[in-house]
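Close look at the chain arrangement
Here is what each chain is made of, one letter per residue.
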Amino acid sequence: MEAFYNKFRELIETESKNEAIEFALALIDKHRVTIVEFYEEILARTMNSIECHNDEKNLCVWREHVRSGIARTIIESLYSRVLAERSKNHSTPPDKKVAVICPDGEYHDMGARIVSDYFTLLNWDVVFVGNSTPKDEFIRVAEHLNLNAIAISVTNPYNLVSAKKTIDMMREKCDENLKIFVGGYGFTKVDDIKKDFNVDGYVSSFNELKNLLEGGEY
Ligand code: B12
């Protein structure tokens, strides 16, 4: 896996779009890397380790955008494989529905997009709402879609305040059975996430999510 990671990282760092996409798809289709392994051990690890070098400070944001675009193309290209994997492992249609959302001000939505695939793989019906959703919209989405759960992704710790306001409002106005799960890099320095944010679960990986959802409670 380390060799695959190093190669993929090199392709992303040099913004080699076509090669990175071909390489990623070949890992899944030919080299037996699972979709979850690819997301966690290769793609997220690569994106989260991207650094800006001092000699090219004026190019950093531009590069971050281009690299994120390549990652996004790969994620969308994998969707048909996500559905195939779900069909292989589950014989019944999904009976639970989740919306995956980022709070107001949060434009990092790659984690949220990947988490949508995690829920799909676990046989949930998923609505990916994506980045910077105003808090009133959360309430409308929950009612309109008749959701069992909302998953909130926060990457930039500055957006924890906005996430907290959103969660407080949902606890006040939404059905009490609605579950609220959170995750993302933004929460890494919060001590007691479940208590401080009044949520049903904080999750940082596919296996943790699987254990939480299949633990019987949800
Ligand atoms: C890609 C990126 C961007 C892209 C985002 C594209 C997109 N559509 O998402 C763009 C270029 C737009 C961007 C913009 C900015 N970014 Co930026 N960005 C990043 C970068 C390089 C990678 C983040 C990422 O996508 N990781 C990959 C994902 C897949 O990993 P993940 O989020 O951890 O998700 C995994 C798990 O956490 C989990 N998970 C995530 N969410 C959830 C939710 C639930 C419910 C569950 C169960 C699990 C779960 O599952 C995922 C898969 O395993 C980071 C670098 C870093 N070290 O994090 C900086 C970083 C996050 N950005 C940063 C900053 C400052 C910005 C900007 C403010 C300035 C700028 N650089 O342009 C803007 C503004 C954004 C805003 N207003 O919100 C800082 C944040 C600093 C801080 N306060 O800590 C970082 C850390 C860079 C840095 N070292 O300074 N960025």
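So, here is what we can say about the structure in this document.

**Overview of the environment of Arg 67**
- Considering the arrangement of structural elements, one finds Arg 67 in helix H4 (residues 60-77).
- The class for Arg 67 is buried, based on 20 C-beta atoms found within 10 Å.
- When the C-alpha positions of Arg 67 and Met 47 are compared, they lie 8.2 Å apart, and in sequence the two are 20 residues distant.
- If we skip the residues at most four places from it in the chain, Arg 67 touches Ile 12, Glu 15 and Ile 50.

**Here's the deal with the sheet that holds strand S3 (residues 149-153)**
- Read across the open sheet, the five strands follow the order S2-S1-S3-S4-S5; overall the sheet is parallel. Each edge of the open sheet carries a strand with a single partner, namely strand S2 (125-133) and strand S5 (201-202).
- In this sheet, S2 lies alongside strand S1 (residues 97-103) in parallel orientation, the contact comprising six bridges. Bridged to Ile 101 within S2 is Gly 130.
- Against the sheet, helix H6 (residues 110-121) touches S1, S2, S3 and strand S4 (179-183), its axis set at about 170 degrees to S2.

**Focus: the site of the ligand**
- As a matter of local geometry, the ligand sits amid 34 residues, with Gly 111, Ser 153, Gly 183, Gly 184 and Val 203 nearest to it.
- Contributing elements (two or more residues each) for the shell around the ligand: helix H3 (35-48), H4, H6, S3 and S4.
- Looking at the shell around the ligand, its residues break down into 18 nonpolar, 12 polar and four charged.
- If you count residues domain by domain, the shell around the ligand takes at least three from each of domain 1 (2-77) and domain 2 (91-214).

**Re helix H8 (residues 160-173)**
- Taking 1.5 Å as the rise per residue, H8 with 14 residues should run 20 Å; its terminal C-alpha atoms sit 20 Å apart, in good agreement.
- Those residues of H8 that sit buried are Leu 160, Ser 162, Ala 163, Thr 166, Ile 167 and Met 170. Each buried residue of H8 lies within a common arc of 155 degrees when the element is viewed along its axis, so the set occupies one face. Facing away from the buried surface of H8 by more than 90 degrees, the exposed residues are Val 161 and Glu 172.
- In this structure, the buried residues of H8 make contact with S1, helix H7 (135-145), S3, S4 and helix H9 (193-197).

**Quick look at the nonpolar core**
- In terms of nonpolar packing, the biggest core is built from 52 residues, with Val 98 and Ile 150 touching the most fellow members.
- Considering every element that reaches this core, the biggest residue donor is H6, with seven residues.
- Taken domain by domain, this core gets at least three of its residues from each of domain 1 (2-77) and domain 2 (91-214).
- Not counting residues up to four positions away in its chain, the partners in contact with Val 98 are Phe 119, Trp 124, Val 126, Leu 147, Asn 148, Ala 149, Ile 150 and Ala 151.

**Here we look at helix H2 (residues 17-29)**
- Across its 13 residues, H2 extends 18 Å between first and last C-alpha, which sits within 8% of the 18 Å expected from 1.5 Å per residue.
- Taken residue by residue, H2 has Ala 20, Ala 24 and Leu 27 as its buried positions. End-on, the buried residues of H2 take up no more than an arc of 60 degrees, which puts them together on one face. Facing away from the buried side of H2 by over 90 degrees, the exposed positions are Asn 18, Ala 26 and Asp 29.

**Some words on unusual backbone geometry**
- Backbone geometry at Arg 32 places phi at a positive 60 degrees, although glycine is not the residue there.
- A positive phi angle, near 70 degrees, is found at Asn 123, a position not held by glycine.
- As for its position among the elements, Asn 123 is in the loop between H6 and S2.
- The partly exposed category is assigned to Asn 123, around which 17 C-beta atoms lie within 10 Å.

**Section: the pairing of S3**
- Across the five residues that make up S3, a large majority, five, are buried.
- Across four bridges, S1 lies against S3 in parallel orientation. When the sheet's bridge partners are listed, Ile 101 is paired in S3 with Ile 152.
- Relative to S4, S3 runs parallel, the two being bridged by five bridges. Bridge pairing in S4 links Ser 153 to Gly 183.
- In this fold, S3 hands off to H8, which returns the chain to S4; that crossover is right-handed.

Reading the values: rules and limits
- Residues numbered from 1 in each chain as written.
- Predicted model: local features only at pLDDT ≥ 70, side-chain atom pairs only at ≥ 80, totals over all residues.
- Helix = DSSP H or I, 4+ residues; strand = E, 2+ residues; numbered from the N terminus.
- Buried ≥ 20, exposed ≤ 12 C-beta atoms within 10 Å, placed from the backbone.
- Contact = placed C-beta atoms within 7 Å.
- Pairing = 2+ DSSP bridges.
- Axes fitted to C-alpha atoms, helices over the stretch in contact; angles between N-to-C directions.
- Near = placed C-beta within 6 Å.
- Nonpolar A, V, L, I, M, F, W, Y, C, P; charged D, E, K, R; others polar.
- Domains from an automatic or database assignment.
- Expected span 1.5 Å × (residues − 1).
- Arc of directions from axis to C-beta.
- Core = buried A, V, L, I, M, F, W, Y, C linked by C-beta atoms within 7 Å.
- Right-handed = clockwise from strand over helix to strand, strands pointing away.

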